[in-house]
Each structure stands twice: as structure tokens, then as C-alpha cells.
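Single-letter residue listing:
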Amino acid sequence: MKFENFDLAKKLRHELHQHPELSNEEVWTKQHLIIFLKTHTNLEIIDKGNWFYAIYRAGIDKPNIAFRADFDALPMDEVIDLPWASQFPGKAHKCGHDGHSATLAGFALEIDQLGADNNIFFLFQPAEETGDGAIQCVDFIKEHNIDEIFAYHNMSSIPYNAIGIIDGTALCASKGMTIHMEGSPAHASQPETGINPSLAIANIVKAIPDFLSPEKNKGLVLCTVVQIDVGEKAFGIAASIGDLRMTIRALYEAELDRLQENLEKLAKEQAKEFGLEVSFSYNDEFPETVNHKESADKIRTVAKSRGMQLVELKEAFRGSEDFGHFTKLTKGAYCFIGNGEDYPPLHTYEYDFRDEMIESGVELFKALVEL
């Protein structure tokens, strides 16, 4: 990567870090990235409202290869002392999406200056953290007949600058699930005159381990209770309303769907038994992110040819990513570039994206274009 391009990309990363915006609120971030590309490249830029993409055109009959970066931040405070620290309390780039976007922008500089034999699409995506960003962009795949799409995520626990890759599922499917139950209130001295959801919710929680049994599932299946909210702090009133909130997760979407069906069925049975009304709501829905072997093999080839350490992941990461929406529609692969085995984990106060990884990502993407 040219030194001047790395310097520009690093400066861009610091600017993005100082101005974090949460999912679906990334107005300044998107505009700043567009201004950067308009200032430093001659690429065609397509503004789609919440998101945008840039295009390098090599020719009508050339393959269409896409590279994606996310640009939303997390609802966290910046507590470490950084020259480029977040200027907004309660918002910070503690997942490294500022680095992902700076990498893609740096890659765009290099392609604009050096050229390529393929049509290259630079996709800048919002709202990855809430799982609804990629779904906003999926029509892009068919509209431009994208032949293949790639992305990376920085990852602690992997050796510094090593490339982590796996065939098949790379990240689990997951969603937030809320079971809402309503009965009727009663004086605490006469609980039998009301309908209390507490026992129904307790029975659901008690049944969860059976649904997760390895004997009943092909892959990893998890159900994490994140909140139980029943009644209120009023000792004279028996509870009448309750919410059970869980994150359900699975290696395979089919098994996630089955877990959801089992939980809904049990909740309806419990509601009928106790005379409760029951409803369900969902948020932060992520597909499984599946790597196509052909695309993953290209990443392996590039890592070896560029002298990068290659780490063959033995299992998928339990976390989720909405990149899987793209690989349902076309070939593609999602890899990881290591922050270092002892580097602070993502989504923690101590974390900050390592600037040097911008160059690693750019060189990885450039080599993929050259295959």
C-alpha cells in the first residue's frame, strides 16, 4: 500500500472514531466517507440514503467483485485516553467498524490509482450491530450481478495480522426474542383472584436446557436469558404482566428456527394452562454467515502468497454478523484479521482498532482482485 494512501486512510479512521454514530443514525459518517472518496478518487458513487457504494469500472464483460465494510458504532463510553477519542458520550467505535471503513476507503484509493481487471464495488453498510444493515443493501447484489463478495472483521484471540478462515458457517445465526405474558392483577393477600404470569415464565426457563441438548441438535444451540421482568416493586399487588427476554443462537438457521418454534409452542401451552395472553416480538435478527469454499480458498491462496500467517478456524465464532444475507445470494467469504491473541476483546472499553491493520486489509483485498 502506498505510504500516502495509508496516511490518508489512517487519518480517516481517526476522524470516524471521533464522530461515532449508532446503527441507522450514521448521517455524518456516511457523508464524510463520500466526501473522502470524491476528494481523493474518480470513482462513481451511488448514494442510497442510509448507505452507499462506489464503483471502479473495468468493462461490461468483466466480473463484478464486491467488498463490504460496516460503519456503525456501539452505545458505549470511551474511557481510554486516545488522541482520537470519541467526542460523543455514550457512543464509541468499540468494534472496529471505523477501521473496516478506513480499510475499504484505502483500498478504493489504491484501485482508483492502480486500476484493476475486474469491476470493483466498494459497499459501505450501516447498522451491522443491530442486524438490519445488510438487509437494506441486498438488492445491490442482483442489481449489479455481483459475482463474488468479500469482507473481513478484526478479531482478538487470533495472532496479530494472521488471517482466520473457515469453510461453511463462520458466524452463528441469532436473534433477540421476547415472550410477553399478560394476566390480571390482584391484591397480594388474595393472589388467587388474579392471574400471575410468574409460574408460566418460570416453567419456560426451566425447560430451556432440554431444547439445547446436543442429542437433539446437529450443531451449537444456545438460549441466553438476558432479562426477566415480572410485575413491579409494589408489595401489595400481585404481578400480572411479565416479559422473558432471551438471545437465541445457533450454528444453523434451521435449528434456530426450531428453537424459536419450541419456545413459542411451550409459551402458548403455558398461557393456555394459566389463562394468560401471550405475544412474541423479535429484534437484532442475524442470519448464519456462510462462507463458500471457492471464495474461502481464494483467501487461503492470497494469505499464503503474501506471506501472511493463515489460521484454519476449527469452529464458527458464536457471535453474529449480517454479512450472511449477501452470501445467500452470491458467492463470497468472510474472514478475520487478528488483533493479537492477548489484545483487548471487541466490545470492551479497552479496545481500539489497530491502524496497521488497515494496510493488512488493503493488501488482502488487492490480492483477491488480482486472482
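Preceding this paragraph is the structure being described.
Just so it is clear, the model here is predicted, and its values are computed rather than measured.

Caption draft 1: How the structure looks around the overall build of the protein. Helix and strand counts for the protein come out as 10 helices and 16 strands. The dimensions of the protein, computed from C-alpha atoms along their principal axes, are 80 × 45 × 40 Å. Scored against the burial criterion, the 371 residues of the protein give a buried share of 56%. On the protein, the mean spot of the 35 positive side-chain charges and the mean spot of the 59 negative ones are 4 Å from each other.

Caption draft 2: Up close: helix α2 (residues 27-40). Between the first and last C-alpha of α2 there are 20 Å, a value that for 14 residues agrees with the 20 Å anticipated at 1.5 Å per step. Within the span of α2, buried status applies to Thr29, Lys30, His32, Leu33, Ile34, Phe36 and Leu37. At its buried positions, α2 is contacted by α1 (3-18), β1 (44-47), β2 (52-56), α3 (97-114) and β4 (119-125).

Caption draft 3: The pattern of salt bridges, seen in detail. A complete count under the given rule lists 26 salt bridges for this structure. Residues joined by salt bridges that share partners form a network here, namely Glu110, Arg306, Glu363, Lys366 and Glu370.

Caption draft 4: Geometry of α1. Between its first and last C-alpha, α1 extends 23 Å over 16 residues, near the 22 Å set by a 1.5 Å rise per residue. Three or more residues of α1 are buried, namely Asn5, Phe6, Ala9, Leu12, Arg13, His14, Glu15, Leu16, His17 and Gln18.

Caption draft 5: Seen up close, the layout of surface pockets. Reported here for the largest pocket is a volume of approximately 430 Å³. Taken together, 27 residues make up the lining of the largest pocket; nearest its centre are Glu129, Phe286, Gly319, Ser320 and His347. Those elements giving two or more residues to the lining of the largest pocket turn out to be β5 (148-156), β8 (173-182), β12 (241-250), β13 (277-286) and β16 (331-340). Examining the composition of the lining of the largest pocket, we find that five residues originate from one element, β8, more than from any other. Looking at the lining of the largest pocket, its residues break down into 11 nonpolar, nine polar and seven charged.

Caption draft 6: Broad picture of the sheet that holds β12. Pairing is antiparallel in the open sheet, where four strands are placed in the order β10-β12-β8-β13. Each edge of the open sheet is held by one strand with a lone partner, namely β10 (221-230) and β13. On average, adjacent strands in this sheet sit at an angle of 20 degrees to one another, irrespective of strand direction. Alignment of β8 against β13, held across eight bridges, turns out to be antiparallel. Each bridged residue has a counterpart across the sheet, and for serine 174 the counterpart in β13 is phenylalanine 286. Its contacts with the sheet put helix α7 (residues 253-274) on β8, β10, β12 and β13, and the angle it makes with β8 is roughly 5 degrees.

Caption draft 7: Structural detail: the environment of alanine 92. Looking at the secondary structure, you find alanine 92 in the loop between β3 (64-70) and α3. Put simply, alanine 92 and arginine 318 are 226 residues apart on the chain and 23 Å apart in space, counted from C-alpha to C-alpha. The residues contacting alanine 92, other than those within four sequence positions of it, are Pro20, Ala73, Leu74, Met76, Asp77, Glu78 and Ser86.

What counts, and at which threshold
- Residues numbered from 1 in each chain as written.
- Predicted model: local features only at pLDDT ≥ 70, side-chain atom pairs only at ≥ 80, totals over all residues.
- Heavy atoms only, no water.
- Helix = DSSP H or I, 4+ residues; strand = E, 2+ residues; numbered from the N terminus.
- Buried < 20%, exposed > 50% of the residue type's maximum accessible area, 1.4 Å probe, protein only.
- Lys, Arg positive; Asp, Glu negative; His and termini not counted.
- Charge placed at Lys NZ, Arg CZ, Asp CG, Glu CD.
- Expected span 1.5 Å × (residues − 1).
- Contact = heavy atoms within 4.5 Å.
- Salt bridge = Lys/Arg side-chain N within 4 Å of Asp/Glu carboxyl O.
- 1 Å grid on protein atoms, 1.4 Å probe; cavity = no way out; pocket = protein on both sides within 12 Å on 5 of 7 lines; lining within 4 Å.
- Points joined across faces, edges and corners; volume = space filled by probe spheres on them.
- Nonpolar A, V, L, I, M, F, W, Y, C, P; charged D, E, K, R; others polar.
- Pairing = 2+ DSSP bridges.
- Axes fitted to C-alpha atoms, helices over the stretch in contact; angles between N-to-C directions.

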